[in-house]
Amino acid sequence: MSSSDFRQIVIRTESGKAERLFRAAVSAFCSLTRPSRREIAQLEDLTMPLFNNVSVESRRYVAAALSECEYAPAALVRRLCEEPVDIAAPLLIRSRAVSDVDLIALIGRHGLPHARAIARRKNLNPTIAQLIRVLEKPTLVRVQQPDAVTDATERAEIAAAVPDRKPLPGASAENARRRLRSMMRADAESGGVAVNPFVGAQTYVKLRETALTGNAAFFQTALADALDIDFSMARSLTANQNYTSLLAALRALDLSEDKAFLIAAAIYPTAFPHPQAIRIFLDRYRLLNRDAALDKVRNWKAETLSRVVRGIVRAAANADTRIAQDSDNGPAVASLKAS
């Protein structure tokens, strides 16, 4: 679809306002067999500014239309998925433009209504399916924490879950949602992008200075912050004997060649014994597609979230076991007290 096609739509609907333009643009886009990246970007540029000016019926219509579209624009789909479930449901159930990371983020932000729609997806990731079953259970779950140090607020909330306290209805869902919201806060602020596409000077300085300390943990912490992944994942990126994973991380952060090389040389000083090794690094960095690097970062982040979800599921199973054991031991304890 060319810019002239969109202009024709605008001309035909000048007297009709945003409502008709919004529907017409999406309908025209869905008729394309294989839209180009430029056409996808054009649709987003046209529809996103109109979003707040269209009715619930139009949003529902567009969500249903895009749910069947194989190449739906990701930004528009994510915006529609944030709507109430009666609008977002078709996309939550069918859209291929919604990734596993997006699904986990949506469950964390919207809870059971969105989770129940997501549960109807075909070939749903088993870990996400288990998470949804946990959210449905009215039992108290003491959520396991990831390797990174938990902040004081979360520690206080978890410590409040006293073992001998009676299970509270809905506490499992709330604890799980709280942990997911914490994990996805940065993702929500960035509109779903796995890593900030514009790295400020302060971020680079932090990476450079921590790399030059010679303390691997300092650099790994800075890298985890920059990529919005957990510490254990950042540690694994620099634990390899070669710099391939670090190369992708630096490319995703869109660092210039000289900045990327300085950091890589500080972390892998023995990898550059002669000028030819430096030339090879620069060539590899230059040829590495940034979109491919961002995809790797998204995969690392998805792996991080999967570990958190598995921890929630394990915690739920352990809680159920403890509750069952307490129930079995209850009569015996009561008789001992009576005697």
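Residues numbered from 1 in each chain as written. Predicted model: local features only at pLDDT ≥ 70, side-chain atom pairs only at ≥ 80, totals over all residues. Heavy atoms only, no water.

*Asks:* How should the overall build of the chain be read in this particular structure?
*Replies:* Within the chain, the secondary structure is distributed over 18 helices and zero strands. A buried classification covers 42% of the 339 residues belonging to the chain. Here the contacts in the chain between residues at least 6 apart in sequence split such that 70% fall between residues at least 24 apart. Element-wise, carbon and sulfur atoms account for 53% of the exposed surface of the chain, whose accessible area totals about 17800 Å². (Helix = DSSP H or I, 4+ residues; strand = E, 2+ residues; numbered from the N terminus. Buried < 20%, exposed > 50% of the residue type's maximum accessible area, 1.4 Å probe, protein only. Contact = heavy atoms within 4.5 Å. Areas by Shrake-Rupley, 256 points an atom, 1.4 Å probe, with all protein chains shown as cover.)

*Asks:* I keep staring at the packing of aromatic side chains and nothing clicks. Help me out?
*Replies:* Two aromatic rings, taken as a pair, are described by how far apart their centres are and by the angle between their planes. Summed over the entire model, instances satisfying the criterion amount to eight aromatic pairs. Judged by centre distance (6.5 Å) and plane angle (65°), the rings of Y243 and Y268 are edge-to-face. Residue Y243 is found in the loop between α14 (231–237) and α15 (244–252), and its partner Y268 is found in the loop between α16 (257–267) and α17 (275–287); the two are separated by 25 residues along the sequence. When sorted by exposure, Y243 lands in the same class as Y268, which is buried. Between the aromatic rings of F261 and F272, the centroid separation amounts to 5.0 Å while the plane-to-plane angle is 75°, which identifies the pairing as edge-to-face. With F261 in helix α16 and F272 in the loop between α16 and α17, the pair connects residues that are 11 residues apart, well separated along the chain. (Phe/Tyr/Trp six-rings, centres within 6.5 Å; stacked < 30°, edge-to-face > 60°.)

*Asks:* Could you clarify how one ought to interpret helix α4 (residues 56–67) in this entry?
*Replies:* Structurally, the α-helix is built with 3.6 residues per turn, so residues lying three or four positions apart point the same way. Under the 1.5 Å per step criterion, the end-to-end length of α4 is 16 Å for 12 residues, consistent within 8% with the ideal 16 Å. Along α4, the residues classified as buried are S58, R59, V62, A63, L66 and S67. What you see down the axis of α4 is that its buried residues fit within an arc of 165°, all on one side. Where α4 is buried, its residues contact α2 (17–30), α5 (74–81) and α6 (85–94). (Expected span 1.5 Å × (residues − 1). Arc of directions from axis to C-beta.)

*Asks:* What is the right way to look at the nonpolar core in this model?
*Replies:* Grouped burial of nonpolar side chains is what soluble globular proteins tend to show. L66, L80, I107, I118 and I128 are the most contacted members of the largest nonpolar core, which totals 48 residues. Not counting chain neighbours up to four residues away, the residues in contact with I128 comprise D100, L103, I104, I107 and I118. The next biggest cluster of nonpolar side chains, apart from the first, holds 35 residues, and it includes A224, A234, L247 and F261. (Core = buried A, V, L, I, M, F, W, Y, C linked by side-chain atoms within 4.5 Å.)

*Asks:* Would you take a moment to explain the pattern of salt bridges for this structure?
*Replies:* Close approach of charged atoms allows side chains with opposite charge to pair. By the definition in use, this model includes 14 salt bridges. For R60, the salt bridge identified is with D86, shortest N-O distance 2.9 Å. Taken as a pair, R60 in helix α4 and D86 in helix α6 lie far apart in primary sequence, 26 residues in all. Under the relative-accessibility criterion, R60 is labelled partly exposed at 32%. Residue D86 is classed as partly exposed on the basis of its relative accessible area, which comes to 43%. A salt bridge links R94 to E68; its shortest N-O distance comes to 3.1 Å. Linking R94 in helix α6 with E68 in the loop between α4 and α5, this pair joins segments that are 26 residues apart in sequence. Residue R94 is classed as partly exposed on the basis of its relative accessible area of 39%. (Salt bridge = Lys/Arg side-chain N within 4 Å of Asp/Glu carboxyl O.)

*Asks:* Any chance you could explain the packing of helix α12 (residues 201–212) against α16 here in plain terms?
*Replies:* Two packed helices can be described by the angle between their axes and the distance between those axes. Here α12 crosses α16 at 25°, and the two axes come no closer than 8 Å. Accordingly, the angle class assigned to the pair α12 and α16 is roughly parallel. Crossing geometry of α12 relative to α16 is assigned as left-handed. Contacts between α12 and α16 involve Y204, L207, R208, A211 and L212 on the former and, on the latter, K259, L262, I263, A266 and I267. The residue makeup of the contact of α12 with α16, split by class, is eight nonpolar, no polar and two charged. (Axes fitted to C-alpha atoms, helices over the stretch in contact; angles between N-to-C directions. Parallel < 35°, antiparallel > 145°, perpendicular 65-115°, else oblique. Left-handed = near helix turned anticlockwise from the far one by under 90°. Nonpolar A, V, L, I, M, F, W, Y, C, P; charged D, E, K, R; others polar.)

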